[in-house]
Amino acid sequence: MSGVGKGIATASIGQILEAEGYKVNPIKVDPYLNVDAGTMNPTEHGEVFVLRSGLETDQDMGNYERFMNLDLSAGDYITSGMVYKHVIEKERNLGYGGKCVEAIPHITGEITRRILNAAEANGSEVSLVEIGGTVGDYQNIMFIEAARVLRIKNPDDVIFILVSYLPMPSTIGEMKTRPTQNAVRQLNSYGVQPDFIIARSTVPLDQKRKEKIAISCNVRAENVISAPDIKSVYDVPLNFAKDKIGETLISTLKLQPKKKKEGLTKWRQFVNKISNADKEVKIAVIGKYFDSGDFVFSDAYVSVIEAIKFSAYNKGARPKLDWLNAKDFENAILKAAVLKKYHGILVPGGFGESGIEGKLLAIEYARKNKIPYLGLCYGMQLMVVEYARNVLGLKEANTSEINPMSPDKVIDIMPDQKKKMEDKDYGGSMRLGMYEAVLKEATIARKAYGVNKIEERHRHRYEVNPDYIERLEEAGLVFSGTSPDGTLMEIAELSKKVHPFFLGTQFHPEFQARPLAPHPLFDAFIAAALNSQK
Ligand code: GLN
């Protein structure tokens, strides 16, 4: 079922096989009809993760990239929407030569074609295909059917892994295997027999239950993997390794053992840093995609959170992240009382009007009180708006996203983007994916990256308005990163002489932060935050 940890399980298996020396390619299959994840509300679906190519995908793709330390390509993400769109367009172009086009075999055929293409394009030895949704759903049935056919055609090369949940009702106090048995029966009715079962639960699986699952679900006991809840998702690969999942997968798939093995040593060192972190660094994240009923929903910012963690652990600190709703800062007294206790303030990406004035007040507070500030995309644009209003004195300065009538649209839409909006061409049409930026000498950004040319991932429609650049620079704002032709502002910062760390990026650095390779700008932000405690 969703939320049970299929993404982390897939990423962890991938990492273990990688550590054994294989070239692994994870592929995510999402059953929804959206062509990509770009049009979905993050409050409901979580973060939209942007690939190098600019494809807007599900947050699981981020987990794969982080766990496996690789860059995925557009072909590694498949949605029902993409598949149906392709088949229908092909039909309209007479691509099926007069045949009756049907879900089976044409939709299933398109699914397998994409899976095989992705594997081939990446030259991988093992592909891991995660099928989203729940066994028994109507939505993912085509994908399960495609997988069945793939297995029939390649009996020795395809195996099935079921990630199942074993509830432990508090009134009974013991783990229940029955839902897993029923899930397997349901899968059997589709013609699929799992080879492995990953048993998710609050506690580890005991031998008795392992055997019970094995007998009742028709799998070998050593292929039942215990996957208890743990403190950090980064423990999962190490936990899986205890159950020897790598060795068992290798022998089941009859893979040739590799001579050159990376092993999980580096990963272990990273996980040890988490438990050894003894300082605390308090960061306020000011956003709006938190409220989901009664609980704080931080899934919308998962890459940002992880990027902060990697840099903090790397510096021996444990991050304490607080989610502050931008709307709460519209009251000045409250604002100061709340914000002064943080070592760093971060405004992540976002869209639309809600909470905007609150974010601006928090940015102003960070600037005036010299609290390290990192602004990501919207957080950079609002940093420019705040500077224009309070330093340049352009009281009505704004982004045209919020006020198209503002006399000073310091952040404005580009002409090509404007046309797309007029044509209602919203899907996959922002400035997306990897773009180069050049860095100015003797700036925080240049020093942090250590190079003068970088590549980062984007997802936005608005840009710093070129008409205001000169005035902003004269007033002290430094555009330390620009597009190579100098027209687009990529990084804005204040000189270290006036503020310890006040920096915003038009791009999303969080998409390239990895546990084994923390992001240089997050490193610099956390270093400044830790420094502010002294
Ligand atoms: N809403 C802004 C834009 O479209 C910022 C987008 C973002 O933060 N990802 O440019």
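Cut-offs applied
- Residues numbered from 1 in each chain as written.
- Predicted model: local features only at pLDDT ≥ 70, side-chain atom pairs only at ≥ 80, totals over all residues.
- Heavy atoms only, no water.
- Pairing = 2+ DSSP bridges.
- Helix = DSSP H or I, 4+ residues; strand = E, 2+ residues; numbered from the N terminus.
- Axes fitted to C-alpha atoms, helices over the stretch in contact; angles between N-to-C directions.
- Salt bridge = Lys/Arg side-chain N within 4 Å of Asp/Glu carboxyl O.
- Buried < 20%, exposed > 50% of the residue type's maximum accessible area, 1.4 Å probe, protein only.
- Core = buried A, V, L, I, M, F, W, Y, C linked by side-chain atoms within 4.5 Å.
- Contact = heavy atoms within 4.5 Å.
- Expected span 1.5 Å × (residues − 1).
- Near = heavy atom within 4 Å.
- Polar contact = N/O pair within 3.5 Å; in protein donor to acceptor, adjacent residues only side chain to side chain.
- Areas by Shrake-Rupley, 256 points an atom, 1.4 Å probe, with all protein chains shown as cover.
- Nonpolar A, V, L, I, M, F, W, Y, C, P; charged D, E, K, R; others polar.
- Patch = residues over 30% accessible without salt bridge, like charges linked within 9 Å, V, L, I, M, F, W, Y side chains within 5 Å.
- Lys, Arg positive; Asp, Glu negative; His and termini not counted.
- Charge placed at Lys NZ, Arg CZ, Asp CG, Glu CD.

Named according to an unreviewed UniProt entry, the protein is CTP synthase.

Draft legend 1. Molecular detail of the sheet that holds strand 7 (residues 196-201). Across the sheet, 3 strands lie side by side as 6-7-8; this open sheet has parallel pairing. Looking along the sheet, the strands with just one partner apiece sit at the ends: strand 6 (161-165) and strand 8 (224-228). Neighbour-to-neighbour, the strand axes of the sheet open up by a mean angle of 20°, direction not taken into account. Sheet topology note: the strand 6/strand 7 ladder contains 5 bridges and is parallel. Within strand 7, the position partnered with L162 by the bridge is I197.

Draft legend 2. Fine view of the pattern of salt bridges. Applying the stated criterion across every chain yields a total of 35 salt bridges. The salt bridge partner of R457 is D71, with a shortest N-O separation of 3.2 Å. With R457 in strand 18 (residues 453-460) and D71 in the loop between helix 3 (59-68) and strand 4 (77-79), this residue pair connects regions lying 386 residues apart in the sequence. R457 gets classed as buried once you look at its relative accessible area, which sits at 0%. A relative accessible area of 37% means that D71 is categorised as partly exposed.

Draft legend 3. Examining the nonpolar core more closely. I198, F240, I245, I283, I308 and L346 are the most contacted members of the largest nonpolar core, which totals 85 residues. Counting residues per element, this core draws most heavily on helix 19 (residues 520-531), which supplies 8 residues. Sequence-distant contacts of I198, defined by excluding residues within four places in its chain, comprise A9, I13, I161, L162, V163, S164, I225, A227, F240 and I245. Within the second largest apolar cluster, 43 residues are counted, among which are L339, V347, I363 and A388.

Draft legend 4. Summary view of helix 6 (residues 141-153). Under the 1.5 Å per step criterion, the end-to-end length of helix 6 is 18 Å for 13 residues, consistent within 8% with the ideal 18 Å. At its buried positions, helix 6 is contacted by strand 1 (24-30), strand 4, helix 4 (80-92), helix 5 (103-121), strand 5 (126-131) and helix 7 (178-189).

Draft legend 5. Focus on the site of the ligand. Taken together, G349, G350, F351, C377, Y378, Q381, E401, R459, H460, R461, Y462 and H508 make up the full set of residues adjacent to the ligand. G350 is positioned such that a nitrogen or oxygen atom in its backbone is 2.9 Å from an oxygen atom of the ligand. One of the backbone N or O atoms of Y378 is found 3.0 Å from an oxygen atom in the ligand. Bound to the protein, the ligand loses 99% of the 300 Å² it would expose on its own. Elements with a minimum of two residues in the shell around the ligand: helix 15 (378-390) and strand 18. For the shell around the ligand, the per-class residue count stands at 4 nonpolar, 5 polar and 3 charged.

Draft legend 6. Seen up close, a positive patch on the surface. The grouping of R178, R185, K208 and K212 at the surface amounts to a positive patch. Within the secondary structure, R185 is located in helix 7. The exposure class of R185 is exposed, given its relative accessible area of 51%.

Draft legend 7. Looking closely at the pairing of strand 9 (residues 279-287). Both strand 9 and strand 12 (residues 317-325) contribute to a ladder of 9 bridges, which runs parallel. For A284, the partnering residue across the bridge sits in strand 12 and is D322. The pairing of strand 9 with strand 13 (residues 344-347) spans 3 bridges and is classified as parallel. Pairing of V285 across the sheet is with L346, part of strand 13.

Draft legend 8. Highlighting the sheet that holds strand 16 (residues 409-413). One open sheet accounts for 3 strands, arranged 15-16-19; its pairing is mixed. Only two strands of the sheet have a single neighbouring strand rather than two, namely strand 15 (398-399) and strand 19 (462-464). Note that strand 15 and strand 16 share 2 bridges and pair parallel. Bridge pairing in strand 16 links N398 to K409. In the packing of helix 15 onto the sheet, the strands contacted are strand 15, strand 16 and strand 19, and the crossing angle to strand 16 comes to about 145°.

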